[in-house]
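The residues making up each chain are set out below.
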Amino acid sequence: MISDNSANWTEGIGKLLMISVGLLLIYLGIARGFEPLLLIPIGMGAVLSNIPLAFINDEGGIIRYVYDSGIKTGIFPLIIFMGVGAMTDFGPLLANPRTTLLGAAAQFGIFTTLIGAIILTKLVPGIDFSLKDASSIAIIGGADGPTSIFLASKLSPRLLGSIAVAAYSYMALVPIIQPPIMKLLTTEDERKIKMKQLRYVSHREKIIFPIVVIVLTALLLPSAAPLIGFLMFGNLMRESLVVKRLSDTTQNALINIVTIFLGLGVGSKLSADKFLNMETLGIIVLGLFAFSFGTAAGVIMAKIMNIFSSKNKINPLIGSAGVSAVPMAARVSNKIGLDEDPHNFLLMHAMGPNVAGVIGSAVAAGILLAVFM
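Residues numbered from 1 in each chain as written. Predicted model: local features only at pLDDT ≥ 70, side-chain atom pairs only at ≥ 80, totals over all residues. Heavy atoms only, no water.

### Let's talk about unusual backbone geometry
Working step 1: The residue after Val 326, namely Pro 327, is reached through a cis peptide bond having omega -10 degrees.
Working step 2: Summarising the element assignment, Pro 327 is placed in the loop between helix H17 (278–307) and helix H18 (328–340).
Working step 3: Of note, the phi angle at Phe 55 is positive, near 60 degrees, even though the residue is not glycine.
Working step 4: By secondary structure assignment, the location of Phe 55 is in the loop between helix H2 (36–49) and helix H3 (62–71).
Working step 5: Not every positive phi belongs to a glycine, and Leu 241 is a case in point at roughly 65 degrees. (Helix = DSSP H or I, 4+ residues; strand = E, 2+ residues; numbered from the N terminus.)

### Re the layout of surface pockets
Working step 1: Considered as a void within the structure, the largest pocket measures approximately 750 Å³ in volume.
Working step 2: Around the largest pocket, the lining comprises 27 residues; the ones closest to its centre are Glu 35, Val 84, Met 87, Val 326 and Pro 327.
Working step 3: Sorting the residues of the lining of the largest pocket by element identifies H2, helix H4 (75–87), helix H10 (160–172), helix H15 (244–267), H18 and helix H19 (347–372) as the ones contributing at least two each.
Working step 4: Across the lining of the largest pocket, the residue classes tally to 19 nonpolar, 4 polar and 4 charged.
Working step 5: Taken as a whole, the second largest pocket spans an internal volume of roughly 450 Å³.
Working step 6: Along its surface, the second largest pocket is lined by 23 residues, and Lys 15, Ser 49, Asn 57, Asp 58 and Ser 271 are the ones closest to its centre.
Working step 7: Of all the elements in the fold, those that place two or more residues in the lining of the second largest pocket are H2, H3 and helix H16 (272–275).
Working step 8: Looking at the lining of the second largest pocket residue by residue, the class counts come to 9 nonpolar, 5 polar and 9 charged. (1 Å grid on protein atoms, 1.4 Å probe; cavity = no way out; pocket = protein on both sides within 12 Å on 5 of 7 lines; lining within 4 Å. Points joined across faces, edges and corners; volume = space filled by probe spheres on them. Nonpolar A, V, L, I, M, F, W, Y, C, P; charged D, E, K, R; others polar.)

This is the structure in structure tokens:
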């Protein structure tokens with residue numbers, strides 16, 4: 001692996017380094033609890049695909065089949081979205097529709113990072129991101145792993161491994177990255193704002209919502225229809241209450257099976273020749289910028305909304321939940337609120353912008369697909 005490949009280091013010591021990266025991801029999943037459902041399969045995929053002479057990731061290898069059939073075609077991310085829809089309650093969003101703006105504001109990080117990727121290409125030698133590459137990297141700011149994989153598989157397959165690892169790593173680091181930004185941008189009084197209890201959302205509203213969203217998406221942004229459509233189909237199964245077996249299967253067995261193969265397929269792209277370069281470092285930096293900017297934009301939008309509302313003020317902490325890391329971002333908002341006031345429960349209020357962020361990141365992906373495909 002070393003002496004026979006001294007001229008082509010990525011085939012020798014490079015593979016050892018990537019096996020080490022895979023083992024690190026497995027360690028983080030097991031010992032630290034960082035998104036174990038995905039980091040463990042991704043880590044194992046990286047280890048298996050970099051074993052010399054095993055040909056697991058070559059033409060005819062099992063991991064190559066997994067990648068080609070599920071990720072390259074975009075099937076796995078869509079099934080994951082269907083499972084997310086089946087597990088999501090859009091009630092908090094319907095009870096307080098204003099929080100949709102917070103979910104939209106958090107997507108601002110996506111489009112600013114797109115510009116940042118182009119600037120980085122101009123300034124840093126060894127980095128050459130096209131507009132398609134920049135779009136795929138920018139979507140990391142939505143903190144939505146399946147959307148990042150779906151968009152990268154369509155626009156920039158060569159960067160899929162780096163983008164997926166960055167997206168899921170930052171999702172796992174939500175409790176570490178977000179609190180300092182939230183505290184920096186808010187005052188103690190703002191963090192103590194108490195919001196009134198959400199109104200009751202009827203069963204009829206919950207059934208009508210996914211249908212209306214699908215119709216509007218089909219009319220206004222057809223390129224986002226695959227992601228939004230599967231998300232809302234999963235939610236409709238949940239809320240209809242007449243296909244409980246299908247809903248339970250989608251929420252549990254189906255999404256778990258696909259998650260395993262999705263992780264292995266993504267891990268197969270962590271090959272030394274594609275991962276160990278300056279572009280990967282650029283993706284890691286830009287991904288952090290995108291995620292941080294999205295968090296900040298959500299908090300700032302809540303503060304702006306409070307300027308124009310004398311009553312029913314919004315606690316700015318829930319603005320950070322506009323990124324679509326469901327439900328982790330909402331839990332972080334709730335925790336920071338409880339740290340300031342043990343009687344101020346923000347979890348259900350934060351779920352509004354959190355689920356809005358899921359829709360927002362899918363819409364952003366649809367816009368980027370429509371422009372750059």
